[in-house]
Amino acid sequence: PVPNDAAGNSFVPFPVECFPGVVWDYGLTVAESNCVDPCAPALAVLVVAGAAMGNAFRLKLKRGFVVPPLLWGCVVGRTGTNKTAPMREVVEPLRVNPPTPQNEDPIMADRPLLCPPSRGVIGDATSAAVIHRLAAAPRGLLSFRDELAAWVKEFDAYKKGAGGGGDEQFWIKAWDADHYQFDRKTDDEHKEIHAAAVSILGGMQPSVLESCFDPSKYASGLVPRLLPVYPPEKSMRWSEAEISDQARASWKRIVDWLRFHPFAAFVPAGPRYEPNIVELSPGAKEIFVAFFNALSKEMDAMEESKRIFAAKARVMTARLALILHGLEMATSSGSRNGAVSRPTMDGAIKMGRWFLNEQFRVYGIAAIRHDRQRADDVAAWVKEHGGRTTARDLQKSHNKRYKTAESAKLDLQRLVEAGRGRWEGQDFVLA
């Protein structure tokens, strides 16, 4: 079972019908053989496909507004729910070292220079280490980690990292595939990355969720950029279902087509590689604009904790459209040189809506757990101090958490509302 959020919202099945058929045939076999809900391999497929496309593709929404195919994905689940195995399966083709370009290779025959070989996957690494890897990976990287908790906790605006610029600054640029300069005074090291593109995929245990996603941090750069899925648990019973060699080979061909598709151009003066620019068909543009405006209108009535997710969902949907377009090109179910079609954009919008609702649900669950843990911590502190306190005393003892006595009083009031204490004048008395 998967818990509901504060509003009672329950899990909704992922819209797998939006994938090209051959892609989802593979995803379904991964789900069945690993006894997991289809949303887990679906997320991995999207992240890996986007990482394979990397800096070689951009979607143009209008002049001066282009988006990369990068996603950050997280599968939430308890120990023993098989979070990692399906992701490892989907990531595997990116682990294979790229071949040396050969003229007889139909993918790279005409422009081998525009398909530079580079590493595809890295594991746990500091931001500084990732930067060094990016310098040799013009297409970008996928950071695949079994558990994302350590990475989330490193995402600190006040921590100096990534060469002195701060981890938060680096990772936000990595999500945007933006230009990044690395300077280190100790050894006068300098690196310039024209498109620091890093996709991220990993798992997280529910017990870690509330500590990593404190609602007070929702305004930071990390949380609204991370797409979580919290699938319903399935009974882990033995199954003879397997992933066939044919299914694996089919997925590898798709990833290879995306990964080794040449850049549009190489600029020696940079030096830098220029991406292939994909545009929207008139029909796709029409429904994307309608979706963008409708979601913007919905945001007017949203509380702030939801608005920050909805704001990112508009751009996230465009990224999903580019990835779906890439999958269609790789499977030859769509034009290999054409614009994003209306049906593709319609599928991206369905996925974008699904991910937004899943963000609301998962982060709502995290907020419930965070509030419960916080209440327990406050009650324990009051008990240790004789079962009685004032808001001012609580604030002074926790001045990093509470900037004012009024904010401390709110936490005490929540205990009162939960029947765990009462007010006696200005004093809070633990029940």
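Residues numbered from 1 in each chain as written. Predicted model: local features only at pLDDT ≥ 70, side-chain atom pairs only at ≥ 80, totals over all residues. Heavy atoms only, no water.

Draft legend 1. Inspection of the overall build of the protein at higher detail. Scanning the protein for helices and strands turns up 13 helices and 15 strands. Roughly 19800 Å² of accessible area belongs to the protein as shown, and the carbon and sulfur atoms make up 50% of that amount. (Helix = DSSP H or I, 4+ residues; strand = E, 2+ residues; numbered from the N terminus. Areas by Shrake-Rupley, 256 points an atom, 1.4 Å probe, with all protein chains shown as cover.)

Draft legend 2. Region of the structure containing the pattern of salt bridges. Per the counting criterion, the structure on display carries 19 salt bridges. The partner of Asp 176 in a salt bridge is Arg 319, and the shortest N-O contact between them spans 3.6 Å. In this pair, Asp 176 sits in helix α6 (residues 167-176) while Arg 319 sits in helix α10 (residues 304-330), placing the two residues 143 residues apart along the sequence. Of the charged contacts in the structure, one is a salt bridge between Glu 274 and Arg 272, with a shortest N-O distance of 2.8 Å. Under the relative-accessibility criterion, Glu 274 is labelled partly exposed at 26%. For Arg 272, a relative accessible area of 32% corresponds to the partly exposed category. A single network of salt bridges, built from pairs that share partners, joins Arg 388, Arg 422, Glu 424 and Asp 427. (Salt bridge = Lys/Arg side-chain N within 4 Å of Asp/Glu carboxyl O. Buried < 20%, exposed > 50% of the residue type's maximum accessible area, 1.4 Å probe, protein only.)

Draft legend 3. Layout of the side chain of Arg 58. Following the sequence through the fold, Arg 58 ends up in strand β1 (residues 57-62). Here Arg 58 occupies a buried position and makes no salt bridge, while the nearest side chain of opposite charge, Asp 178, is found at 8.4 Å. Sequence-distant contacts of Arg 58, that is, excluding residues within four places in its chain, are made with Val 66, Val 67, Pro 68, Pro 69, Ala 177, Ala 195, Pro 275, Asn 276, Ile 277, Val 278 and Leu 322. (Lys, Arg positive; Asp, Glu negative; His and termini not counted. Contact = heavy atoms within 4.5 Å.)

Draft legend 4. How the structure looks around the sheet that holds strand β9 (residues 226-229). The parallel open sheet is built from five strands, whose spatial order is β4-β5-β8-β3-β9. The open sheet has two free edges, formed respectively by β4 (121-122) and β9, since each of these has just one partner strand. Pairing of β4 with strand β5 (residues 141-147) involves two bridges; the strand directions are parallel. If you follow Ile 122 over to β5, its bridge partner there is Ser 143. Taken strand by strand, helix α4 (residues 127-134) contacts β4, β5 and β8 (198-204), and its axis lies near 145° from that of β5. (Pairing = 2+ DSSP bridges. Axes fitted to C-alpha atoms, helices over the stretch in contact; angles between N-to-C directions.)

Draft legend 5. Structural context of the packing of helix α3 (residues 84-95) against helix α8 (residues 245-259). One can describe the packing of α3 onto α8 by two numbers: an axis separation of 9 Å at closest approach and a directional angle of 50°. Judged on the interaxial angle alone, α8 and α3 are oblique. In this structure, α3 crosses over α8, and the sense of that crossing is right-handed. Contacts from Glu 89, Val 90, Pro 93 and Leu 94 in α3 reach Arg 248, Trp 251, Lys 252, Val 255 and Arg 259 in α8. Its residues assigned to classes, the contact of α3 with α8 shows five nonpolar, no polar and four charged. (Parallel < 35°, antiparallel > 145°, perpendicular 65-115°, else oblique. Left-handed = near helix turned anticlockwise from the far one by under 90°. Nonpolar A, V, L, I, M, F, W, Y, C, P; charged D, E, K, R; others polar.)

Draft legend 6. Broad picture of the sheet that holds strand β15 (residues 427-430). Read across the open sheet, the three strands follow the order β13-β15-β14; overall the sheet is antiparallel. The outermost strands of the open sheet, each flanked by one partner alone, are β13 (388-390) and β14 (421-424). Neighbouring strand axes in the sheet, compared pairwise and without regard to direction, differ in orientation by 30° on average. Bridge count for β13 against β15 is three bridges, and the pairing is antiparallel. Bridging from a neighbouring strand, Thr 390 pairs with Asp 427 of β15. Sheet contacts for helix α13 (residues 405-417): β13, β14 and β15; angle to β14, the most-contacted strand, approximately 120°.

Draft legend 7. Inspection of the packing of aromatic side chains at higher detail. Applying the stated rule across the entire model yields 19 aromatic pairs. With a centroid separation of 4.9 Å and 75° between ring planes, the pair formed by Phe 14 and Trp 354 is classed as edge-to-face. Highlighted residues: Phe 14 in the segment before α1 (21-34) and Trp 354 in helix α11 (residues 342-384), separated in sequence by 340 residues. Here the two residues Phe 14 and Trp 354 agree in accessibility, since each one is buried. Geometrically, the ring pair formed by Trp 151 and Trp 171 is edge-to-face, given 5.6 Å between the ring centres and 90° between the ring planes. Taken together, the positions of Trp 151 in helix α5 (residues 149-154) and Trp 171 in helix α6 put the pair 20 residues apart, joining distant regions of the chain. (Phe/Tyr/Trp six-rings, centres within 6.5 Å; stacked < 30°, edge-to-face > 60°.)

Bear in mind that shape data such as this cannot, by itself, settle questions of function.
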